[in-house]
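# Summary of the model geometry
Take a look at the letters that make up each chain.
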Amino acid sequence: MNPFPWAAWAVNLGVTAVAVAVLMALAYAIGVRRGRHDGVDVVWGLGFVWVALVTAVTATALDPTGDGWRRALVVVLVAVWGGRLARHIARRNHGKPEDRRYVELRERGAIGRRVYLTQGAVMWVVSLPVQLAQYGSAATGWLVAVTVLGVLVWAVGFAFESVGDAQLARFTADPANRGEVMDRGLWRYTRHPNYFGDACVGGVWASSRCTTRRV
């Protein structure tokens, strides 16, 4: 088995850091133009897709002997997760006032530092496993088995958070539940099924979204 290409991965870290900085700068510019910054919540999920794609391109150039199938697998899994999350948050925020926390930070002139800079840094750190997984080769049987196990855990997490988000959306849409606590379905077993799902998908994902089970 070839040694892990640490030098190539180190270069990749620099490339993705720049890519994340560009993405967050663009998101900030769009937020300023719109006059509201809750769109950064949608960028969270899409940002991981962006990092996965940038890493795939970089890894193909710097580590040509690595597993192309594993890179493709990582990109697909991240794209499915990030795309679903971005769509869910966009639909949740549509037609609603901007989160009061963003309004307060904007009025204090701290929105760029407290939201975009912090979220970009956290995104880069949390995405390190996504970047690491696209380098090297799973040439031995046990590494292939670990990959398969990882996909199965991802599937459990994705299903768990998707179902949990859907259940909460239906619950909050019913005016009769105003002031009530969501304790049905998956929410009966955990306070945040979506966070548990995120943990299964890719570790404990530090998320800027603050989903609550109380209407």
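Reference entry: report on the structure contained in this document.

Basis of the calculations
- Residues numbered from 1 in each chain as written.
- Predicted model: local features only at pLDDT ≥ 70, side-chain atom pairs only at ≥ 80, totals over all residues.
- Heavy atoms only, no water.
- Helix = DSSP H or I, 4+ residues; strand = E, 2+ residues; numbered from the N terminus.
- Rg over C-alpha atoms; globule rule 2.2 N^0.38 Å.
- Areas by Shrake-Rupley, 256 points an atom, 1.4 Å probe, with all protein chains shown as cover.
- Salt bridge = Lys/Arg side-chain N within 4 Å of Asp/Glu carboxyl O.
- Buried < 20%, exposed > 50% of the residue type's maximum accessible area, 1.4 Å probe, protein only.
- Expected span 1.5 Å × (residues − 1).
- Contact = heavy atoms within 4.5 Å.
- Patch = residues over 30% accessible without salt bridge, like charges linked within 9 Å, V, L, I, M, F, W, Y side chains within 5 Å.
- Axes fitted to C-alpha atoms, helices over the stretch in contact; angles between N-to-C directions.
- Parallel < 35°, antiparallel > 145°, perpendicular 65-115°, else oblique.
- Nonpolar A, V, L, I, M, F, W, Y, C, P; charged D, E, K, R; others polar.
- Phe/Tyr/Trp six-rings, centres within 6.5 Å; stacked < 30°, edge-to-face > 60°.
- Polar contact = N/O pair within 3.5 Å; in protein donor to acceptor, adjacent residues only side chain to side chain.

## A look at the overall build of the protein chain
When you go through the protein chain residue by residue, the secondary structure sums to eight helices and zero strands. For a compact globule of 215 residues, the expected C-alpha radius of gyration is about 17 Å, and the protein chain comes in at 19 Å, within 12% of that figure. When the backbone C-alpha atoms are referred to their principal axes, the protein chain occupies close to 60 × 40 × 20 Å. Summed over all atoms, the accessible surface of the protein chain reaches about 11,500 Å², with 66% contributed by carbon and sulfur.

## Some words on the pattern of salt bridges
With the rule as written, the count across this model stands at eight salt bridges. Across the salt bridge formed by R84 and E161, the nearest N and O atoms sit 3.1 Å from each other. Taken together, the residues R84 in helix 3 (residues 68-93) and E161 in helix 7 (residues 141-173) connect sequence positions 77 residues apart. Judged by its relative accessible area of 0%, E161 falls in the buried class. We note a salt bridge from R101 to D99, for which the minimum N-O separation is 2.5 Å. A relative accessible area of 38% means that R101 is categorised as partly exposed. Each of the salt bridges in this network shares a partner with another, and the network as a whole consists of R34, R36 and D38.

## A few points about helix 1 (residues 6-34)
With 29 residues, helix 1 should cover 42 Å at 1.5 Å per step; its first-to-last C-alpha distance of 42 Å lies within 8% of that length. Among the residues of helix 1, those classed as buried are A8, W9, N12, L13, T16, A19, V20, L23, M24, A27 and G31. Considering only its buried residues, helix 1 is in contact with helix 2 (40-62), helix 5 (111-126) and helix 6 (128-132). One or two residues past the end of helix 1 sits G35, with phi positive at roughly 80 degrees.

## Looking at a nonpolar patch on the surface
Nonpolar side chains collect at one region of the surface, where W69, V144, V148, L149, L152 and V153 lie side by side and expose about 530 Å² of accessible area between them. Among the elements that line the nonpolar patch, the one with the most residues is helix 7, at five residues.

## Here we look at the packing of helix 4 (residues 100-107) against helix 5
Viewed as axis vectors pointing N to C, helix 4 and helix 5 meet at an angle of 125 degrees, and their least axial separation amounts to 8 Å. In terms of axis orientation, helix 4 runs oblique to helix 5. Judged by residue contacts, Y102, L105 and R106 of helix 4 engage I111, R114 and V115 from helix 5. Broken down by class, the residue content of the contact of helix 4 with helix 5 amounts to four nonpolar, no polar and two charged.

## Observations regarding the packing of aromatic side chains
The final tally for this structure, using the stated rule, is seven aromatic pairs. Measuring from ring centre to ring centre gives 4.9 Å for W44 and F48, while their planes differ by 80 degrees; the resulting arrangement is edge-to-face. Taken together, the positions of W44 and F48, both in helix 2 and four residues apart, correspond to about one turn of that helix. Look at F48 and W81: their rings are 5.5 Å apart centre to centre, the planes differ by 80 degrees, and that puts the pair in the edge-to-face class.

## Some words on the environment of D165
With respect to the helices and strands, D165 occurs in helix 7. Judged by its relative accessible area of 2%, D165 falls in the buried class. A sequence separation of 31 residues divides D165 from F196, and the C-alpha atoms of the two residues are 11 Å apart. In this structure the side chain of D165 is engaged in a polar contact, spanning 2.8 Å, whose partner is the side chain of R84. Only 3.1 Å separates the side chain of D165 from the side chain of N194, close enough to count as a polar contact.

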